[in-house]
Amino acid sequence: MECKNCLYNINIPAINFDNEGICNYCRQHNELDNIYPFHEEGRTKLLQIVAEIKADGKNKKYDVVVGVSGGCDSSYLLHLAVELGLRPLAVHYDNTWNGTKAVENIKAITDKLNIDLYTHVADNKEVCDILHAFLKASVPDIDCHTDIALAATHYIAAEKYNIKYIWEGHSFRTEGISPPGWFYMDAKYIKKIFQKFGGKKIKTVPLLTLTKWFKWMLVDKIKKIRPLYYLDYNKEEVKELLKNKYQWQWYGGHHMENRLSYFCNNYYLPLKFKIDLRVCEFSAFVRSGYWSKQEAISELVKPKPFDESILTELCNRLNISLDTFLSYMALPPKTYKNYPNYKRTFILLRPLFWILLKGKYITKSFYDKFTKNN
Ligand SMILES: [Zn+2]
């Protein structure tokens, strides 16, 4: 059975269909559309938020932290922040797997807009050791340390410069809603897997431990905003704008600006877990009306690009043979449920997270995905 509207079918975790054959993820998209309207209403809401940010930024060097990866969404956020009269601090977490285009894009935009850049570079050996542990753990989340570390880096920079707002480049209208079970991440999960498979203490990859996270939210009062939720965000138009204005370069696909996420999304996940992230992304395009379902299907049947040289690079960096790597690929798939993590705590604290959501301290996708027993 497949959703009448999008590309999701019965194989997607936690899916259900209504009487009209529309899936719960399409209904969730409509719900987000109602909460975060775009057009005039969205723009008015965003301008209200910008006014609050400006008021808070008075007498400070910066108004807002903008997390940047060199990708399309975050590059556009820098452009948008300046256009709306804000003084952003660009913050980048370097997991040592950046593609050259990502680095060049960050430099091109921050130079042209005269924006300061705060970068935290992790130790490449430590990143490889964490990655190695996750491959042995046989879970899909081998790149989740990057997501956690970049979230922590945003907070660290915000705390350092007394900035109360962090902008994130997520857009449910173009990126979609990944189902629970496809991915999981939290700091305890990372630490426990690292320790179980031979690691000791993580030193250079910043982690969002519960204590630190609550300090940043409840004491420092740092809020998270996703400005793209309020905009009619047409990615193709934005790419053109970035190319023309900043000589920004397209890197061939969503999340492909980083070599590790490229390996993960174009090789590891589809081959080992039968997860094709494009289903999620293209379904979002259909739900948002950017593509017809037929267009999405014809894009989806195209093979995913894959540069085989990344396997050699990965084995070299991990100091393992190709056979060892293939033996990890052949391990029976596991999930976060097989390892200790914060999930039970998140579920227990759901009422507190509801309050934090209302105060804009956490995102709705965190609340929906992490604080529910799914
Ligand atoms: Zn659907």
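Cut-offs used in this document
- Residues numbered from 1 in each chain as written.
- Predicted model: local features only at pLDDT ≥ 70, side-chain atom pairs only at ≥ 80, totals over all residues.
- Axes fitted to C-alpha atoms, helices over the stretch in contact; angles between N-to-C directions.
- Helix = DSSP H or I, 4+ residues; strand = E, 2+ residues; numbered from the N terminus.
- Left-handed = near helix turned anticlockwise from the far one by under 90°.
- Contact = placed C-beta atoms within 7 Å.
- Nonpolar A, V, L, I, M, F, W, Y, C, P; charged D, E, K, R; others polar.
- Buried ≥ 20, exposed ≤ 12 C-beta atoms within 10 Å, placed from the backbone.
- Right-handed = clockwise from strand over helix to strand, strands pointing away.
- Pairing = 2+ DSSP bridges.
- Core = buried A, V, L, I, M, F, W, Y, C linked by C-beta atoms within 7 Å.
- Expected span 1.5 Å × (residues − 1).
- Arc of directions from axis to C-beta.

**Q** Would you mind showing me how to read the packing of helix α3 (residues 72-83) against helix α9 (residues 235-246) here?
**A** Any two packed helices are characterised by how steeply their axes cross, that is the angle between the axes, and by the distance between the axes. As a packed pair, α3 and α9 sit with axes 10 Å apart at the nearest point and diverge in direction by 65°. The chirality of how α3 crosses α9 is left-handed. Contacts between α3 and α9 involve Cys72, Ser75 and Tyr76 from the former and Lys235, Val238, Lys239 and Leu242 from the latter. Its residues assigned to classes, the contact of α3 with α9 comprises four nonpolar, one polar and two charged.

**Q** Would you mind going over the pairing of strand β2 (residues 88-94) with me for this structure?
**A** A regular strand places its side chains so that they alternate between the two faces of the sheet. For β2, a buried count of seven out of seven residues is recorded, marking the element as mostly surrounded by other parts of the structure. Side-chain alternation along β2 places Pro88, Ala90, His92 and Asp94 on one buried face and Leu89, Val91 and Tyr93 on a second face that is also buried. Where the polypeptide runs from strand β1 (residues 64-67) across α3 and back to β2, its parallel neighbour, the crossover connection is right-handed. In this structure, β2 lies alongside strand β3 (residues 117-121), joined through five bridges in parallel fashion. Note on β3: the bridge partner recorded for Ala90 is Leu117. Regarding the hand of the β-α-β motif, the stretch spanning β2, helix α4 (residues 100-113) and β3 is right-handed.

**Q** Would you take a moment to explain the sheet that holds β2 for this structure?
**A** The pairing of strands in a sheet comes from backbone hydrogen bonds and takes either a parallel or an antiparallel form. Here we have five strands laid out as an open sheet, ordered β3-β2-β1-β4-β5, and parallel in their pairing. What marks the edges here is a single partner per strand, and that holds for β3 and β5 (223-225). Strand-to-strand twist of the sheet, defined as the mean angle between neighbouring strand axes without regard to direction, takes the value 25°. Pairing geometry for β1 and strand β4 (residues 165-167), over two bridges, is parallel. Across the sheet, the residue bridging to Val65 is Ile166, located in β4. Here helix α6 (residues 144-160) sits on the sheet in contact with β1, β2, β3 and β4, set at roughly 140° to β2.

**Q** Would you explain the nonpolar core in this entry?
**A** Soluble, globular proteins show a tendency: their nonpolar side chains are buried together. Counting 93 residues, the largest nonpolar core has Val64, Val65, Val66, Phe134 and Trp167 as the members making the most contacts within it. Top element by residues in this core is α6. It accounts for nine residues. Sequence-distant contacts of Val65, that is, excluding residues within four places in its chain, are made with Leu89, Val91, His154, Ala157, Ala158, Ile163, Tyr165, Ile166 and Trp167.

**Q** Sorry if this is basic, but what is going on with helix α2 (residues 39-57) here?
**A** Every α-helix carries 3.6 residues per turn, so stepping three or four residues along brings you back to the same face. End to end, α2 covers 27 Å across 19 residues, agreeing with the expected 27 Å (1.5 Å per residue, within 8%). By the burial criterion, the buried members of α2 are Leu46, Val50 and Ile53. One face of α2 carries all of its buried residues, which in axial projection span an arc of 60°. Summarising the geometry of α2, the exposed residues directed more than 90 degrees from the buried face are Glu40, Glu41, Thr44, Leu47, Gln48, Ala51 and Ala55. Those residues of α2 hidden inside the fold are in contact with β1 and β4. Of the residues one or two after α2, Asn59 is the one with positive phi, at around 65°.

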